[in-house]
2 protein chains.
Amino acid sequence: MGRVRASLSVSADGYMAGPGQSVEDPLGVGGRALHEWAFRTRAFRGLHDLDGGDAGTVDDRVAAEHLVGVGATVMGRHMFGGEVPWGDDPWRGWWGDDPPYHHPVYVLTRHARPPLAMRGGTTFHFVTDGPEAALAMAREAAGPDRDVSVGGGARTARWYLAAGLVDVLDLHVAPVLLGDGARLLGGLPDLAAGYRVDRVLGGEGVMHVRYVRTAG
Amino acid sequence: MGRVRASLSVSADGYMAGPGQSVEDPLGVGGRALHEWAFRTRAFRGLHDLDGGDAGTVDDRVAAEHLVGVGATVMGRHMFGGEVPWGDDPWRGWWGDDPPYHHPVYVLTRHARPPLAMRGGTTFHFVTDGPEAALAMAREAAGPDRDVSVGGGARTARWYLAAGLVDVLDLHVAPVLLGDGARLLGGLPDLAAGYRVDRVLGGEGVMHVRYVRTAG
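Residues numbered from 1 in each chain as written. Chains lettered and ligands numbered in written order. Predicted model: local features only at pLDDT ≥ 70, side-chain atom pairs only at ≥ 80, totals over all residues. Heavy atoms only, no water.

Engineer: Help me understand the relation of the copies chain A and chain B, please; the structure alone is not making it clear to me.
Structural biologist: Look at the two chain copies: a rotation about an axis and a shift along it is all it takes to match them. Overlay of chain A on chain B (RMSD 0.0 Å): rotation 180°, translation along the axis 0.0 Å. Each copy turns onto its partner about a two-fold axis. Judged by C-alpha distance, Gly202(A) is the residue of chain A that lies nearest the rotation axis, at 2.8 Å. A shared binding surface is used by both copies, with 100% of the interface residues of chain A retained as interface residues in chain B. (Least-squares fit on C-alpha atoms with pLDDT ≥ 70 in both. Contact = heavy atoms within 4.5 Å.)

Engineer: Looking at this structure, how should I read helix H5 (residues 131-142) of chain A?
Structural biologist: Each full turn of the α-helix corresponds to 3.6 residues, which orients residues three or four apart in the same direction. Residue and element names in this part refer to chain A. An ideal rise of 1.5 Å per residue puts 16 Å on 12 residues; H5 measures up with 16 Å between its terminal C-alpha atoms. Every buried residue of H5 is listed here: Ala 134, Leu 135, Ala 138 and Ala 142. On an axial view of H5, the arc spanned by its buried residues comes to 100°, and they lie on one face. For H5, the exposed residues set more than 90 degrees away from the buried face come down to Glu 132 and Glu 140. One or two residues past the end of H5 sits Gly 143, with phi positive at roughly 80°. (Helix = DSSP H or I, 4+ residues; strand = E, 2+ residues; numbered from the N terminus. Expected span 1.5 Å × (residues − 1). Buried < 20%, exposed > 50% of the residue type's maximum accessible area, 1.4 Å probe, protein only. Arc of directions from axis to C-beta.)

Engineer: I would appreciate a short explanation of the interface of chain A and chain B in the present structure.
Structural biologist: How large an interface is tends to be reported as the accessible area lost when its parts come together. Contact with chain A, which involves 26 residues of that partner, is made by 26 residues of chain B. Summing the contributions of chain A and of chain B, the shared interface buries around 1900 Å²; its carbon and sulfur component is 71%. Its largest share of buried area at the contact with chain B, chain A owes to Pro175(A), Leu177(A) and Met207(A), together 29% of the area lost on that side. Here chain A is connected to chain B by zero salt bridges. Here chain A is connected to chain B by eight residue pairs in polar contact (both at pLDDT 80 or more). Elements represented by at least two residues in the side of chain A that touches chain B include exactly strand E8 (168-174), helix H7 (189-194), strand E10 (195-202) and strand E11 (207-213) of chain A. Residue composition of the side of chain A that touches chain B, by class: 20 nonpolar, four polar and two charged. (Buried area = accessible area lost by both parts, 1.4 Å probe. Salt bridge = Lys/Arg side-chain N within 4 Å of Asp/Glu carboxyl O. Polar contact = N/O pair within 3.5 Å; in protein donor to acceptor, adjacent residues only side chain to side chain. Nonpolar A, V, L, I, M, F, W, Y, C, P; charged D, E, K, R; others polar.)

Engineer: When you look at the environment of Asp170(B) in this model, what are you seeing that I'm missing?
Structural biologist: Residues and elements named next belong to chain B. Topologically, Asp 170 is positioned in strand E8 (residues 168-174). Along the primary structure Asp 170 and Ser 7 are separated by 163 residues, whereas in three dimensions their C-alpha atoms are 4.5 Å apart. Apart from the residues lying within four places of it in its own chain, the contact partners of Asp 170 are Ala 6, Ser 7, Leu 8, Arg 199, Val 209 and Arg 210. For Asp 170, the side chain forms a polar contact with the side chain of Arg 210, separated by 2.8 Å.

Engineer: Explain the sheet that holds strand E5 (residues 116-117) of chain A to me, please; I cannot follow it from the model alone.
Structural biologist: Two orientations exist for strands paired in a sheet by backbone hydrogen bonds: parallel and antiparallel. All names here are of chain A. Judged by pairing direction, the sheet is mixed, and its nine strands sit side by side in the order E5-E6-E4-E3-E7-E1-E8-E11-E10 without closing on themselves. Bordering the open sheet on either side are E5 and E10, each of which pairs with just one other strand. As paired elements, E10 and E11 share seven bridges and run antiparallel to each other. Its bridge partner lying in E11, Arg 196 is registered against Val 212. Docked against the sheet, helix H3 (residues 58-65) engages strand E1 (4-11), E8, E10 and E11, running at close to 135° with respect to E10. (Pairing = 2+ DSSP bridges. Axes fitted to C-alpha atoms, helices over the stretch in contact; angles between N-to-C directions.)

The structure is reproduced here in structure tokens:
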């Protein structure tokens, strides 16, 4: 069976987004700084059809790993974005017509909606049965040889971490302090007990830590 | 006037010590791992009269800065340690007869006690008037040309950070997750708003971030 992986950028004080998140400002006050390390890389920019970026750096290599070997993604409504209920001309995600996933993406929501097939092989499926059901669907879609990626928002990622369902956690710790906002870390004693540090890589103004699950 | 500096090691999820702190286990479960980066350095080991250690590394240079230019230290009872009330043969700190400070140290406590003069110029003063009074005494002792260092435990350091009284914060972010314990970071919106990142240094399995106060 494939693994469940999460690759998440957090502030030094454990937030995945700053205070005041909204549709206009999905990362909240100061939250964009968490992703500066990725925005600078060729790998991230290529995935999002942008030119330029640094190639061959530690950060670029780490960014390039993100979706390699991944056959399905699970994300929450805060990562997919948009307003609910969906309405007549519903939100189609932040990523344009050809999202970077190129595989099925299971979006947790309380509002049912037909699947949304995009260009390039990404299909968004809207799951109203909760995170366990979404993960089961993603595992099924990924098959035995590919991994499932768990994305944000913070509540979704924290739920899977707290449930011990993430096998590999790649944490990208940015040096910023957000003070408040969408909390990923802290108050997760089972996470601390059940994982070991597998590697630590120093990027440019960011620390990449890989945790691997050790306990059942 | 000198600056107020704090140099603190924290876990990736914002704790300064793990759960279950006690006199036998002052850093709590897993807490020792926060300081491994320092234990490995020549600078830290020399300060504590220990042989060996890596010299000239990023971590060694950062460890060496800790008490340079500092004329007085403030710390809480969790860093000084021991049991209160003090009793007939009171606790004299973790550091032996010749502590690494070599200047006056103001210990916050609710239990009065005469000053304790150690070898090498360190005198512990026990302050029962609260953190503002302790800082005023430390500033006075340090004089206009030297800095004051604010130490732990987490409650003490968090108090000074929340009050905006720290001018320079050196945070050493270790890749471990403690999950629970003595929380330093998170829930400090004023800290996030009032500081800028001055430098980020990648050590061996640790990220050193210096924040400098911009507001107030």
